[in-house]
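Here's the letter readout for the chains.
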Amino acid sequence: MERKQPTDTSMESQFSERESLPSPEQAAIDEQLARMFESSQFGANDRRRAFLKYIVDETLAGRADRLKGYSIGVSVLGRSEDFDATSDPVVRLEARRLRRELEHYYLTDGSNDPLVITIPKGSYVPSFDFRDQTSATPISAERTRRSGKASWRAPNWLLLLLLVLLVAVSGFLLVESLEPDNPPRDQATTNPNLWGDLPIVAVMPFNPLGSSAVASVAARGIAEDITTDLARVQGLRVISYASTAELSDEAVDRIDQGRQLGATHVLRGSLQTMTDGYRLNIGLVDVDSRSEIWAKRFDYKTTDRFDTQTEISREISATFSIELFPELTSRIEDARWTRRDARILYQQALDIIHPPSDPARFDAAHALLQRVVDLEPDAPHGHAGLGFAISHRAWFGLAPNTDETRDVIRQNAEIALEKDPANVRALLTLGILEILMGNPQPAIDFGERAVEQEPSSSLAHGYLGMFFLYAGKPDQAITPLKRSLSLDPLSIRRPYRNMLGVSLFHAGHYRESLDTIQENLDLGGPFGPHMMAYQAAGNAALEQFDQESEILESLAAMIAEGETFPLRRWLEKVIHDPKMMQPLLGEYEKATSLADTR
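Residues numbered from 1 in each chain as written. Predicted model: local features only at pLDDT ≥ 70, side-chain atom pairs only at ≥ 80, totals over all residues. Heavy atoms only, no water.

Draft legend 1. Representation of the overall build of the protein chain. Within the protein chain, the secondary structure is distributed over 27 helices and eight strands. Counted over contacts in the protein chain with a minimum sequence separation of 6, partners at least 24 positions apart contribute 65%. Counting every atom, the protein chain has about 25800 Å² of accessible surface; 50% of that belongs to carbon and sulfur. (Helix = DSSP H or I, 4+ residues; strand = E, 2+ residues; numbered from the N terminus. Contact = heavy atoms within 4.5 Å. Areas by Shrake-Rupley, 256 points an atom, 1.4 Å probe, with all protein chains shown as cover.)

Structure, rendered in structure tokens:
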């Protein structure tokens, strides 16, 4: 028999004492929490899981009337006793995210669970809805074996994807994309186990029909905008456009390319220019079955694109919850560009920064980012970029790590977050700022916030891994670094592969560390004496002394020719624990001694 809870007020009285609830139902609630916490589709982090358990336990203990913003902030979120829930929205934000994660869970793995737990809006008191199991459809064993595809095809998820796609496409005419470099492909990081059952989407460069240069640029711009917007959707992972853009334009089989990138779904399409606008045909394809599970055509007129955007918004609100629509589109619009020239300068500046070893790179990047601020003073991008660049400059010793420098970094990051609370670079900048002050754990907290806000950002996962490494937690650094590489498998300019090799070494996985460092070298990624020291130390740990000697000879030859490297200074920026540095310093000293004998 189906049992539904009454209103929140009557529910509070019903749970005035936990013992008033029959023990089988208490057990059912405990079992439901355990079931949810074991599911890969329940994406809540440890803090929000603690939030949910706290409000459930307090309610069942008859203390539902005490579930206020203050008590949750202090008891669960670690706020001090002078916490003001009216001015600090952290509890409301966490509750909103938890509601969203509960909705996602019950649309996927929990669709046939015997008990539904919800948190009604306007309250922190949970509601419990016991389902009638006689009418429930049995959970398919095949569904649990496959990588989330059954839940992905559920109509509500298609509507969610439709929602974001429509919003993304409606804004593509505002900007155009850049032409990237062409690094070699890497298929070594496409491990589906990194994401459990989450769907992984690759947004392919759209095929421009005809020979128009305008159509070619616009086609890339649309795909890039859609990728950017989808990256902020919880419960979905999106391959970086930096990787999908590297795929050959001549290739016919986009589905096979998506499979090689590790995607479960491919979004592909074509764009045709007309005298007064564009026509887009877009389709979502399941990689395994190669079947198209959603398709739509869009016609845009260049003279009335804002009217067209309004029409699309109406279509979205008619097909999905009007309550979710404003919040989701607001987050997307916060991150949207309005000027093509500003976007180009921004991307050029951030490309210049890496690797962060040359002061001239930062001078050029700073000038470009200041121009971005001048062009878009009310947008978050330039401010976030400036804070990010200056923080790296101080991190790598190219600017003084003083109160004045840190104030400038913080000011730019906070301005960006005021304009876009989900801005990843601003959150990571605050994490680097904590490292500059010697605070590893707060840096990790900012990295985790960045991942929460943009779960498909390879940048966020990569820096979270580096923050874990700096904090002396290499085991915890490995997964986010692998996830970063899986989201952007074709990029070789970023240091994530080297950082993964470093983390594997310090975690004691010497063979995998050596393989990862060699993979980076084979791909043409950044490499230097510091990574040779790791190679030597890894071989020594495996008692492969001949290989260690070969590397030390090569390193000694570089030193003898005058190529020195401040290894200790570099290590201090990467790892906080002096004990972790010693094996590397020992290998470098061996190489230096060899160089002195020549």
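Right, picking up where we left off after that structure.
Draft legend 2. Layout of the pairing of strand β2 (residues 127–130). Of the two faces of β2, the one lined by Ser127 and Asp129 and the one lined by Phe128 and Phe130 are each fully buried. Here strand β1 (residues 115–118) runs beside β2; their pairing, made up of four bridges, is antiparallel. In the strand pairing of β2, Leu115 is matched with Phe130. (Buried < 20%, exposed > 50% of the residue type's maximum accessible area, 1.4 Å probe, protein only. Pairing = 2+ DSSP bridges.)

Draft legend 3. Representation of the environment of Leu261. Take Leu261: it is sitting in helix α11 (residues 254–261). Overall, the relative accessible area of 2% leaves Leu261 in the buried class. Taking the C-alpha atoms as reference points, Leu261 and Pro489, 228 residues apart in sequence, are found 6.9 Å from one another.

Draft legend 4. Main features of the packing of aromatic side chains. Considering all chains together, one arrives at 11 aromatic pairs under this definition. For the ring pair Trp395 and Phe396, a centre distance of 5.5 Å and an interplane angle of 55° mean the geometry is tilted. On the basis of relative accessibility, which here comes to 24%, the residue Phe396 falls in the partly exposed class. Between Tyr463 and Tyr496 the ring centres are 6.5 Å apart and the planes differ by 80°, which places this aromatic pair in the edge-to-face class. Here Tyr463 is found in helix α20 (residues 458–470), whereas its partner Tyr496 is found in helix α22 (residues 496–506), with 33 residues between them in sequence. No difference in accessibility class separates Tyr463 from Tyr496, as the two residues are buried. (Phe/Tyr/Trp six-rings, centres within 6.5 Å; stacked < 30°, edge-to-face > 60°.)

Draft legend 5. Structural detail: the environment of Ala295. The residue Ala295 is located in strand β8 (residues 292–301) in this model. C-alpha separation for the pair Ala295 and Val285, spaced 10 residues apart in sequence, amounts to 8.9 Å. Setting aside residues no more than four positions away along its own chain, Ala295 makes contact with Ile282 and Gly283.

Draft legend 6. Layout of α22. Across the 11 residues that make up α22, a large majority, 11, are buried. Among the residues making up α22, those that are buried are Tyr496, Arg497, Asn498, Met499, Leu500, Gly501, Val502, Ser503, Leu504, Phe505 and His506. Where α22 is buried, its residues touch α20, α21 (474–487), α23 (510–523), α24 (529–541), α26 (567–574) and α27 (578–596). Of the residues flanking the end of α22, it is Gly508, one or two places downstream, whose phi is positive at about 90°.

Draft legend 7. Broad picture of the environment of Arg97. Here Arg97 shows up in helix α5 (residues 90–107). Not counting residues within four places of it along the chain, the set of residues in contact with Arg97 comprises Arg48, Glu452 and Gln453.

Draft legend 8. Fine view of the pattern of salt bridges. Summed over all chains, the structure comprises 15 salt bridges. In this structure, Arg47 engages Glu94 in a salt bridge whose closest nitrogen and oxygen atoms are separated by 3.1 Å. Here Arg47, found in helix α3 (residues 46–60), pairs with Glu94, found in helix α5; they are 47 residues apart in sequence, far enough to count as distant. On the accessibility criterion, Arg47 (29% relative accessible area) is partly exposed. For Glu94, a relative accessible area of 1% translates into the label buried. The residue Glu548 makes a salt bridge to Lys590 at a minimum N-O spacing of 3.1 Å. Of this pair, Glu548 sits in helix α25 (residues 545–560) while Lys590 is found in helix α27, placing the two residues 42 residues apart along the sequence. Given the relative accessible area of 6%, Glu548 is considered buried. In the salt-bridge network here, residues are joined through shared partners; they are Arg47, Arg48, Glu94, Glu101 and Glu452. (Salt bridge = Lys/Arg side-chain N within 4 Å of Asp/Glu carboxyl O.)

Draft legend 9. Representation of the nonpolar core within the structure. Counting 83 residues, the largest nonpolar core has Tyr463, Tyr534 and Leu571 as its most contacted members. Once residues within four sequence positions are removed from consideration, Leu571 is found in contact with Tyr534, Met581, Leu584 and Leu585. Grouped together as the second largest cluster of nonpolar side chains are 32 residues, Ile29, Val56, Ala64 and Val116 included. (Core = buried A, V, L, I, M, F, W, Y, C linked by side-chain atoms within 4.5 Å.)

Draft legend 10. Spatial organisation of the packing of α3 against α5. Two elements in contact, α3 and α5, have axes whose closest approach is 10 Å; the angle formed by their N-to-C orientations is 90°. Taken together, α3 and α5 sit at an angle that is classed as roughly perpendicular. Packed against α3, whose contacting residues are Arg47, Arg48, Phe51 and Leu52, the element α5 presents Val91, Glu94, Ala95, Arg97, Leu98, Glu101 and Leu102 at the interface. A breakdown of the residues in the contact of α3 with α5 according to their chemical character gives six nonpolar, no polar and five charged. (Axes fitted to C-alpha atoms, helices over the stretch in contact; angles between N-to-C directions. Parallel < 35°, antiparallel > 145°, perpendicular 65-115°, else oblique. Nonpolar A, V, L, I, M, F, W, Y, C, P; charged D, E, K, R; others polar.)

Draft legend 11. Just the packing of α21 against α22, in detail. The geometry of α21 relative to α22 is characterised by a closest axis approach of 9 Å and an angle of 155° between their N-to-C directions. Accordingly, the angle class assigned to the pair α21 and α22 is roughly antiparallel. In this structure, α21 meets α22 at a crossing whose hand is left-handed. Between α21 and α22, the contacting residues are Pro474, Ala477, Ile478, Leu481, Lys482, Ser484 and Leu485 on the first element and Tyr496, Arg497, Met499, Leu500, Ser503, Leu504 and His506 on the second. Tallied by class, residues from the contact of α21 with α22 come to nine nonpolar, three polar and two charged. (Left-handed = near helix turned anticlockwise from the far one by under 90°.)

Draft legend 12. Representation of helix α19 (residues 440–453) within the structure. Over its 14 residues, α19 extends 20 Å from the first C-alpha to the last, a length consistent with the 20 Å expected when each residue adds 1.5 Å. All of the buried residues in α19 are Pro440, Ala443, Ile444, Phe446, Gly447, Ala450, Val451, Glu452 and Gln453. (Expected span 1.5 Å × (residues − 1).)

Draft legend 13. Layout of the side chain of Ser486. Turning to its location among the elements, Ser486 is positioned in helix α21. The exposure class assigned to Ser486 is buried, which follows from its relative accessible area of 5%. Here the side chain of Ser486 touches Arg483 through a polar contact of 2.8 Å, landing on its backbone oxygen. (Polar contact = N/O pair within 3.5 Å; in protein donor to acceptor, adjacent residues only side chain to side chain.)

Draft legend 14. The arrangement of the side chain of Gln535 in detail. Relative to the elements of secondary structure, Gln535 occurs in helix α24. Residues within four places of Gln535 in sequence aside, it is in contact with Leu514, Ile517, Gln518, Phe527 and Ile551.

Draft legend 15. Inspection of the confidence of the model for the protein chain at higher detail. Residue-level pLDDT values for the protein chain average 77, and 75% of them are 70 or greater. Considering only residues more than four positions removed or in separate chains, one finds that residues 1–20, a stretch of pLDDT under 50, has 45 contacts. A low-confidence stretch, residues 134–156 stays under pLDDT 50, and its non-local contacts, those more than four residues away or across chains, total 40 contacts. (pLDDT = per-residue confidence, 0-100.)

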